[in-house]
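Here are the chains, one letter per residue:
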Protein chains: 4
Amino acid sequence: MAHQISDEMRECATLCLNCYATCIECKAHCTSMGGRHADPAHLGALADCAILCETAANFMLRSSDLHSDVCGMCADACDRCADSCESMGTDDDMMKRCAETCRRCAESCRAMAGFG
Amino acid sequence: MAHQISDEMRECATLCLNCYATCIECKAHCTSMGGRHADPAHLGALADCAILCETAANFMLRSSDLHSDVCGMCADACDRCADSCESMGTDDDMMKRCAETCRRCAESCRAMAGFG
Amino acid sequence: MAHQISDEMRECATLCLNCYATCIECKAHCTSMGGRHADPAHLGALADCAILCETAANFMLRSSDLHSDVCGMCADACDRCADSCESMGTDDDMMKRCAETCRRCAESCRAMAGFG
Amino acid sequence: MAHQISDEMRECATLCLNCYATCIECKAHCTSMGGRHADPAHLGALADCAILCETAANFMLRSSDLHSDVCGMCADACDRCADSCESMGTDDDMMKRCAETCRRCAESCRAMAGFG
């Protein structure tokens, strides 16, 4: 039988890849800003989130048996990244956009983690 | 000065990540179909395209100096993947959608490769 | 203070990248073999293991706070992949080498998961 | 016929994954050092090299038709990264180790690029 994934799962994968893109761009932005934006803990939170978003998307698109575990871990990394971006202040558009994208992705991944 | 990428580049990165997602899903579909859909050359073309799309997106989102070279190579992989999907016949929706997504991504990446 | 990782963690990252390489090569081998070697569940187990090995290595090399969680998940994927390779029979050198590499990586990752 | 890669190609893939690991660790080291080590151009050179090394290894391990193109691009990124590490001064062990690893990987990838 042909491989098929639900619309809900494909939508979560899209949110994950969008979050991946936002985190990579935000990381380059923060690196160029310097100062507290380039704090290793903040850049690390962005890297953790980007990589787990990409991994979660891949596991969902392949309908892997392990996708719910990976989504659960991804949701955690998304929330940590959103916290870190919010702590930088919301007067920076990139930081605000990244935090919002991460929260939305976290919510979707948490739902997927429950459907394991 | 803060890192900034053009809307055109961000749009190309989005097309690349969309093409990545389509190729990964299509590869799982073809693997489950078996027969000529699971031909190593076809699955290899899908893998080449997926990986270079993801790499090209990453290089654009980071404004890497090498992004135009990577985009040029990605465009090539996208066209090869579209050719391979088209050779499977267009009565399969997944194959048709993948070929179209790859062509559109190839066009955008070729434009980026010219702006190096 | 400069970033530093323990020799034990760097060693585990090396095992993970070695396991990644073995799984990618084994997956290409199984795809070309066809038959039960190209079963979607077996190829999926190899993909799961390869991707989580690469992710775990990356998290350890960056000393991410989440490395122990990722290592725990990686150990699980390594054991599943070893089981799948062993079920293909041990008269195939590639399958035997892959199973052994996965078991060794699983053991190392499990130790890392405990040091969270 | 079963998929097989030459010992030379597998060895180059191993050098690439070793260079990937060194660049990721070096990037975390430089980020934590701050100052000129955290210069966006230097961190970018490390990221470019790490990603293309991983990509090149993957393409070789799958015997992709495009492996020689990817290896050529990887060799370029390795040399740029080595240049950047050397410009930081050779009194830093991590920088010295990274530059040497990149040069060795560049040489091996250049040889592979010629065998396309």
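What this report covers is the structure whose coordinates are included nearby. (Residues numbered from 1 in each chain as written. Chains lettered and ligands numbered in written order. Predicted model: local features only at pLDDT ≥ 70, side-chain atom pairs only at ≥ 80, totals over all residues. Heavy atoms only, no water.)

### Points about the nonpolar core
The criterion, for reference: Only buried Ala, Val, Leu, Ile, Met, Phe, Trp, Tyr and Cys residues count toward a nonpolar core, and they belong to the same one when joined by side-chain atoms within 4.5 Å. The classification of residues rests on relative accessible area computed with a 1.4 Å probe and restricted to protein chains. Under 20% of the type maximum is buried, over 50% is exposed, and intermediate values are partly exposed. Between two residues, a contact is recorded if the distance between any of their heavy atoms is within 4.5 Å.
With 188 residues, the main nonpolar core has Cys16 of chain A, Cys16 of chain B, Cys16 of chain C together with Cys16 of chain D as its most contacted residues. Not counting the four nearest positions on each side in its chain, Cys16 of chain B is found in contact with Cys53, Ala56, Ala57, Met60, Cys74, Cys105 and Cys109 of chain B.

### Things to note about the packing of helix 2 (residues 40–61) of chain D against helix 3 (residues 67–87) of chain D
Residue and element names in this part refer to chain D. Note the cut-off: Axis lines are fitted to C-alpha atoms, over the contacting stretch for helices. Their N-to-C directions set the angle, which ranges from 0 to 180 degrees. Note on conventions: DSSP H or I runs of at least 4 residues are helices, E runs of at least 2 residues are strands, and numbering of each starts at the N terminus. These descriptions rest on fixed angle ranges, namely under 35 degrees for roughly parallel, over 145 for roughly antiparallel, 65 to 115 for roughly perpendicular, and the rest for oblique. Left-handed describes a crossing whose near helix is turned anticlockwise from the far helix by less than a right angle; the clockwise case is right-handed.
Between helix 2 and helix 3, the least distance of the axes is 8 Å, while the angle of their chain directions is 150°. It follows from the interaxial angle that helix 2 and helix 3 lie roughly antiparallel. In this structure, the crossing between helix 2 and helix 3 has a hand that is left-handed. Contacts between helix 2 and helix 3 pair His42, Ala45, Leu46, Asp48, Cys49, Leu52, Cys53, Thr55, Ala56, Phe59 and Met60 from the former with His67, Val70, Cys71, Met73, Cys74, Ala77, Cys78, Cys81, Ser84 and Cys85 from the latter.

### Points about the relation of the copies chain A and chain C
Cut-off, in case you're wondering: Superposition of the copies was done by least squares, using only C-alpha atoms of residues whose pLDDT is at least 70 in both.
Structural alignment of chain A on chain C gives an RMSD of 0.0 Å, achieved by rotating through 180° and translating 0.0 Å along the axis. Taken together, these values place the two copies in the relation of a two-fold axis. Closest to the rotation axis within chain A is the C-alpha of Thr55 of chain A, separated from it by 4.0 Å. Comparing interface residues between copies, 100% of those in chain A also lie at the interface in chain C; the contact surface is shared.

### Notes on the packing of aromatic side chains
Note the cut-off: Here a pair means two rings of Phe, Tyr or Trp (six-membered ring of Trp) with centres within 6.5 Å. Their orientation is stacked below 30 degrees between planes, edge-to-face above 60, and tilted elsewhere. Charge-over-ring placement is defined geometrically: NZ (Lys) or CZ (Arg) within 6 Å of the ring centre, and within 35 degrees of the ring normal.
Tallied over the full model, the rule gives zero aromatic pairs over all chains. In this arrangement the basic side chain of Arg62 of chain A is found over the ring face of Phe59 of chain A, its NZ or CZ atom lying 4.7 Å from the centre.

### What to know about the relation of the copies chain A and chain B
If you rotate chain A by 180° and push it 0.0 Å along the axis, it lands on chain B with an RMSD of 0.0 Å. Taken together, the interface assignments show that 100% of the residues at the interface of chain A recur at the interface of chain B, consistent with an identical surface on both copies.

### Focus on the interface of chain A and chain B
Going by this rule: Two parts lose some accessible area (1.4 Å probe) when they are put together, and adding that loss for both gives the buried area. The salt bridge criterion pairs a side-chain nitrogen of Lys or Arg with a carboxyl oxygen of Asp or Glu, the two atoms within 4 Å. In the analysis that follows, any N or O atom pair within 3.5 Å is treated as a polar contact, provided that within protein one partner can donate a hydrogen and the other can accept it, and provided that, for residues neighboring in sequence, both atoms belong to side chains.
The interface of chain A with chain B comprises 19 residues on the first partner and 19 residues on the second. Counting the surface lost from both chain A and chain B, the interface buries some 1700 Å², and carbon and sulfur atoms represent 59% of this. Inspection of the region where chain A meets chain B yields two salt bridges. Here Arg10 of chain B ties to Glu25 of chain A by a salt bridge, and the two come within 2.7 Å at their closest N and O atoms. In this structure, the connection of chain A to chain B is made through four residue pairs in polar contact (both at pLDDT 80 or more). Looking at the side of chain A that touches chain B, the elements that each hand over two or more residues are helix 1 (7–33) and helix 2 (40–61) of chain A. A total of ten residues in the side of chain A that touches chain B trace back to one element, the largest contributor, which is helix 1 of chain A.

Geometry only, nothing functional implied.
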